[in-house]
Amino acid sequence: MKYLTPQIIADITGGTYVGDDSSRNIRIQGAERDHRNIQPQNLFICIKGARVDGHSFANSAFESGAACCLTQEEIPDAKGPYVIVDSTLLSIREIGAYYRSLFDIPFIGLTGSVGKTTAKELVAAALSAKFHVLKTRENLNNDLGVPLTLLSLDETHEAAVIEMGISDFGDMSILAQMVRPDIFIMTKIGYAHLEELGDLNGVLKAKTEAFAYMKPDGIAVMNGDDELLRSYDTKRKTITFGLEEHNDFRAADIHAQGTDAVTFDILSDTGKFHVFIPSYGSHLPALAPAAAVIGRLLGMTDEEISHGLKSYAPVGGRSNASFTGTITLIDDCYNANPNSVKAALSSLSSLTGRRIAILGDMLNLGTDSDQLHYDVGVFAAQCGVDYLICGGDKASLIYDGFKSISTHNACYYPDKKSLLEVLPDLIKKDDTVLVKASNGMQFSELLPILRQI
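Note that the structure is a prediction, hence the values are computed from the model and not measured.

J.: Just checking my understanding: could you explain unusual backbone geometry for this structure?
T.: In most cases, non-glycine residues show a negative phi, while peptide bonds are predominantly trans. You will see that serine 319, though not glycine, has its phi angle at about 50°, which is positive. The residue serine 319 is located in the loop between α11 (302–309) and β15 (320–323) in this model. According to the relative accessible area criterion, serine 319 is buried, its value standing at 12%. Positioned with a positive phi, asparagine 364 is a non-glycine residue whose angle comes to about 65°. Summarising the element assignment, asparagine 364 is placed in the loop between β17 (355–360) and α13 (369–382). On the basis of relative accessibility, which here comes to 21%, the residue asparagine 364 falls in the partly exposed class.

J.: Even after reading the chapter, I still don't get the pairing of strand β9 (residues 183–186), so can you show me in this structure?
T.: Along any regular strand, the residues point their side chains to alternate faces of the sheet. Judged by which residues are buried, β9 turns out to be covered on both faces: Ile183 and Ile185 on one side and Phe184 and Met186 on the other are all buried. Pairing geometry for strand β6 (residues 107–111) and β9, over four bridges, is parallel. Bridging from a neighbouring strand, isoleucine 108 pairs with isoleucine 183 of β9. Taken together, the four bridges between β9 and strand β10 (residues 219–223) define a ladder with parallel strand orientation. Directly across from isoleucine 185, in β10, lies its bridge partner valine 221.

J.: What am I meant to see in the sheet that holds strand β5 (residues 82–84) here?
T.: Sheets are built from strands that pair by backbone hydrogen bonding, the pairs being arranged parallel or antiparallel. The five strands lie next to each other as β1-β5-β4-β3-β2, forming an open sheet whose pairing is mixed. Only two strands of the sheet have a single partner each, and these edge strands are β1 (16–18) and β2 (31–32). Strand direction decides the pairing type here: β1 and β5, joined by three bridges, are antiparallel. Of the residues in β5, the one forming a bridge with threonine 16 is isoleucine 84. Helix α1 (residues 6–13) rests against β1, β3 (43–45), β4 (68–71) and β5 of the sheet, and its axis sits at about 10° to β5. Its contacts with the sheet place helix α3 (residues 88–100) against β3 and β4, and it is angled at close to 125° to β4.

J.: Where do I start with the nonpolar core in this structure?
T.: For soluble globular proteins, the rule of thumb is that nonpolar side chains tend to be buried together. In this structure, Leu43, Leu153, Leu345, Leu348 and Leu388 are the most contacted members of the largest nonpolar core, which totals 75 residues. Broken down by element, the residue count for this core peaks at five residues, all from helix α6 (residues 171–179). Among the nonpolar cores identified, the runner-up in size contains 40 residues, and Ala159, Ala290, Ala291 and Ile294 belong to it.

J.: Explanation requested: the sheet that holds β9 in the structure shown.
T.: Read across the sheet, nine strands follow the order β7-β8-β6-β9-β10-β11-β12-β13-β14 without closing on themselves; strand pairing throughout is mixed. Two strands close off the open sheet at either side, each with one partner strand: β7 (133–135) and β14 (271–277). Direction aside, neighbouring strands of the sheet carry axes that sit 20° apart on average. Pairing analysis gives four bridges linking β6 to strand β8 (residues 159–163), with the strands arranged parallel. In the sheet register, glycine 109 faces β8, and the bridge partner there is isoleucine 162.

J.: Honestly, helix α12 (residues 338–349) in this entry has me stumped. Any pointers?
T.: The periodicity of an α-helix, 3.6 residues per turn, causes residues three or four positions apart to be oriented the same way. For α12, spanning 12 residues, the distance from its first C-alpha to its last is 16 Å, which sits close to the expected 16 Å at 1.5 Å a residue. Those residues of α12 not exposed but buried are Pro338, Asn339, Ser340, Val341, Ala344, Leu345, Ser347 and Leu348. For α12, the secondary structure elements touched by its buried residues are α10 (283–297), β16 (328–331), β17, α13 and β20 (432–436). Between a side-chain oxygen at the N-terminus of α12 and the backbone nitrogen of asparagine 339 the separation is 3.0 Å; the capping residue is asparagine 337.

J.: Looking at this model, I keep getting lost on the pattern of salt bridges. Mind explaining?
T.: Any two side chains of opposite charge can pair, given that their charged atoms come close. For the structure on display, the rule yields 22 salt bridges. Among the ionic pairs, lysine 48 bridges to aspartate 53, the shortest N-O distance being 2.9 Å. Taking the shortest distance from any N to any O, the salt bridge between aspartate 332 and lysine 436 comes out at 3.3 Å. Of the two residues, aspartate 332 is situated in the loop between β16 and α12 and lysine 436 in strand β20; the sequence distance between them amounts to 104 residues. Judged by its relative accessible area of 3%, lysine 436 falls in the buried class.

J.: Looking at this model, I keep getting lost on helix α14 (residues 395–403). Mind explaining?
T.: All of the buried residues in α14 are Ala395, Ile398, Gly401 and Phe402. For α14, the arc enclosing every buried residue in end-on projection is 110°, short of the 170-degree limit, so these residues lie on one face. Each element contacted by the buried residues of α14 is listed here: β17, α13, β18 (387–391) and β19 (409–413).

J.: Can you walk me through the packing of aromatic side chains in this structure?
T.: Under the counting rule described, the total for this entry stands at three aromatic pairs. Relative to phenylalanine 211, the ring of phenylalanine 184 lies with its centre 5.5 Å away and its plane at 85°, an arrangement referred to as edge-to-face. Here phenylalanine 184, found in strand β9, pairs with phenylalanine 211, found in the loop between α8 (200–207) and β10; they are 27 residues apart in sequence, far enough to count as distant. With respect to class, phenylalanine 184 is no different from phenylalanine 211; both count as buried.

The rules behind each value
- Residues numbered from 1 in each chain as written.
- Predicted model: local features only at pLDDT ≥ 70, side-chain atom pairs only at ≥ 80, totals over all residues.
- Heavy atoms only, no water.
- Helix = DSSP H or I, 4+ residues; strand = E, 2+ residues; numbered from the N terminus.
- Buried < 20%, exposed > 50% of the residue type's maximum accessible area, 1.4 Å probe, protein only.
- Pairing = 2+ DSSP bridges.
- Contact = heavy atoms within 4.5 Å.
- Axes fitted to C-alpha atoms, helices over the stretch in contact; angles between N-to-C directions.
- Core = buried A, V, L, I, M, F, W, Y, C linked by side-chain atoms within 4.5 Å.
- Expected span 1.5 Å × (residues − 1).
- Polar contact = N/O pair within 3.5 Å; in protein donor to acceptor, adjacent residues only side chain to side chain.
- Salt bridge = Lys/Arg side-chain N within 4 Å of Asp/Glu carboxyl O.
- Arc of directions from axis to C-beta.
- Phe/Tyr/Trp six-rings, centres within 6.5 Å; stacked < 30°, edge-to-face > 60°.

And the structure:
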């Protein structure tokens, strides 16, 4: 049986069980870090944060049906059993790794500086035509989110698609020790977390740590359009994907239907098949071949893969296009780095109407930050953006880059507050508006105003 109990958790972590003997072997199903989201039989993880201490909510979690708590201290007047450990954050990794070891199903790991969440959704959509798939939900892709995802596995799952996000050296090793992927997808090496990783070679080194935790017969699925990934020796079977002709799986004959859909063919050495994805973005044809690779590896037919991809839907804040009744709004403000902003601008350039890009600072870019911001502005001009609106300290450099070669309108505001005050006056009926900035800029606050224009 694939389950956990308080006693098993104590044994795995070396922790101390506190509670009645009758509760030592009750079954635990899933785990949660937020007491407000507790479901019956969950394990509640008490995390001591900078502002909130999860231990304060242990009894609230019990009242909501938690089977057990994982804690770092005693719980006064506890209403249920708990296991005390030295560090709940370290222990949940041990629990996640143990629980994953109980499952003999394909585990697909994904990483990349750009496109990993989209790739995760595409792969899960494709596989859903044949398998019951567990996929990473929301942004649970770090050293806490990954074990929480693993602990949501149950005996009905036939495949797992796990997104793995990092910010520093060693992070991927922590994740890969838990996931131990059978197949590992790498979408792109880009300008992200450069303050910690230094340069693109550092990004590559950090993300490829995962290969040390795969079996020798594990398979690498690499973006062959990315020069660094194409030339990297994975020391195992490698399949490439992308748009360029040298890839093992590639997309061709691409046709965008505005913000509604994109169609294309996926080609490989065994032929081609047609794909219809009811969503927006030039990144979709570049990433969908990776989903085809996984489907083929797991024994799916081309018809099944194509049918599964029709169910793809974007995750909130990532190339999510909608018509407000007045404008076409593209919500892509979950996060941003130079590669993802350029991809968003390329997609915007294919659309009709007055194309407006509202861009904010891209954070954590290290010593090259100024030049990378300037280059994005130049790229926006080259894409034919009709009106560039910039907000934030570094965004002034995006503005400068744009104006260096474009005669189109542009404006700059030093902070989000000043931008919010004038935003309704900048947008007109039938405009197509892209919003993108690093998550720390909180440009999602612009969206309600834009939807009311």
